[in-house]
Amino acid sequence: MVYKNSFSRKLFIVCNALLLGAITFLCIVPFVHLLAVSLSSNTAAMAAEVKLWPIGFTLDAYAYLGQKVEFFRSLWVTLQRVVLGTAINMLLVVLSAYPLSKEAKQFRFRTLYVWFFAVTMFFGGGLIPTYIVVKETGLMNSIWALILPGALSVWYMVLLLNFFRNIPREMEEAAFIDGAGHWKLLWSIFLPVSKPAIATIFLFTVVGHWNSWFDGILYMNSPEKYPLQTYLSTLVNSLNKISITVDDLSLLQNLSDKTLRTAQIFLGALPIMLVYPFLQKHFTKGITIGSVKG
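The rules we used
- Residues numbered from 1 in each chain as written.
- Predicted model: local features only at pLDDT ≥ 70, side-chain atom pairs only at ≥ 80, totals over all residues.
- Heavy atoms only, no water.
- Helix = DSSP H or I, 4+ residues; strand = E, 2+ residues; numbered from the N terminus.
- Contact = heavy atoms within 4.5 Å.
- Salt bridge = Lys/Arg side-chain N within 4 Å of Asp/Glu carboxyl O.
- Buried < 20%, exposed > 50% of the residue type's maximum accessible area, 1.4 Å probe, protein only.
- pLDDT = per-residue confidence, 0-100.
- Phe/Tyr/Trp six-rings, centres within 6.5 Å; stacked < 30°, edge-to-face > 60°.

A. Quick peek at the environment of A36. Along the polypeptide, A36 turns up in helix α1 (residues 7-38). In this structure, the C-alpha to C-alpha distance between A36 and T259, residues 223 residues apart in sequence, is 9.3 Å. Not counting chain neighbours up to four residues away, the residues in contact with A36 comprise V50, K51, L52, W53 and P54.

B. Structural detail: the pattern of salt bridges. Inspection of the entire model under this criterion finds four salt bridges. Put simply, E103 and R165 hold a salt bridge, and the shortest N to O gap is 3.7 Å. You can see E103 sitting in the loop between α4 (69-100) and α5 (110-122) and its partner R165 sitting in helix α7 (residues 154-165), a full 62 residues away along the chain. Taking the relative accessible area as the measure of exposure, E103 reaches 37% and is therefore partly exposed. With a shortest N-O distance of 2.4 Å, E172 and R169 are connected by a salt bridge. Taken together, the positions of E172 and R169, both in helix α8 (residues 169-177) and three residues apart, correspond to about one turn of that helix.

C. Quick look at the confidence of the model for the chain. Counting all residues, the mean pLDDT for the chain is 82, and 85% of those residues have values of 70 or more. Helix α13 (residues 246-252) is the least confidently modelled element of the chain, averaging 57 in pLDDT, while α4 averages 92, the highest of any element. Note that pLDDT drops below 50 for residues 290-294; the model gives that stretch twelve contacts with residues more than four away or on any other chain.

D. Broad picture of the packing of aromatic side chains. Under the counting rule described, the total for this entry stands at eleven aromatic pairs. Note on Y98 and F190: the rings are 5.3 Å apart at their centroids and 85° apart in plane angle, and the pair reads as edge-to-face. Of this pair, Y98 sits in helix α4 while F190 is found in helix α9 (residues 182-193), placing the two residues 92 residues apart along the sequence. Judged by relative accessible area, which is 1%, F190 ranks as buried. Through a chain of ring-to-ring contacts, three or more aromatic side chains come together here, namely F71, F72 and Y231.

Right, here's the structure in full:
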């Protein structure tokens, strides 16, 4: 029997803390390096002299990105996408997962609907048919082209469905006895109990919308409607083609592709890094419970 204050117990705690500290350090170091490079001078960055601390400290990379009207315009498009897309995704996932979590005797043809959704996880129409559908439905060059094609994630629906099926049936039966309907049951019992799964799906959805860039190139005909990641991904490639003002030229003297790229990556990852700590406590529980078939 291992006692609370025994030597082996203390040794385990120390080793565990050291291991977790080392893992945390390895996760943080790349972002610290990116920040250091983005804040360093052109010469130091190109010579690969920057490690974890800026050399020749300068904010020119962020000043160049921040003074561009296109940057803030694309940021606004991304914020709209994240808010609208996440709201629609979460609504559809919840409304589809709840009825499919019922038994076949409660919901006729449940198995048929489940297979209908499951097939889409393994077989898809492909890029060209999806593009044609978006074009023919009049969604091109609008914010809805970035949201509606992926409005319902079947994988997230299955995750939440399995979580719902693990909720004790006694709670559901007691609610029905008290006169609650399905809407009351869903919003007052199922969703509050399912906070870990909801938080996990919410986090994945926000990250997916924030990091998505390829659909912006596909469905947006004008650069003015690019989301942030699409704009940032094309910024360096189009740097030698855009009109450069006198102010831009003074900033570009201390910039290189490396400093601009690291500034882009850091800005793209920063919002998610700020949101993740508040949802991390639900992350593991939501994945493990929701992935077990009930």
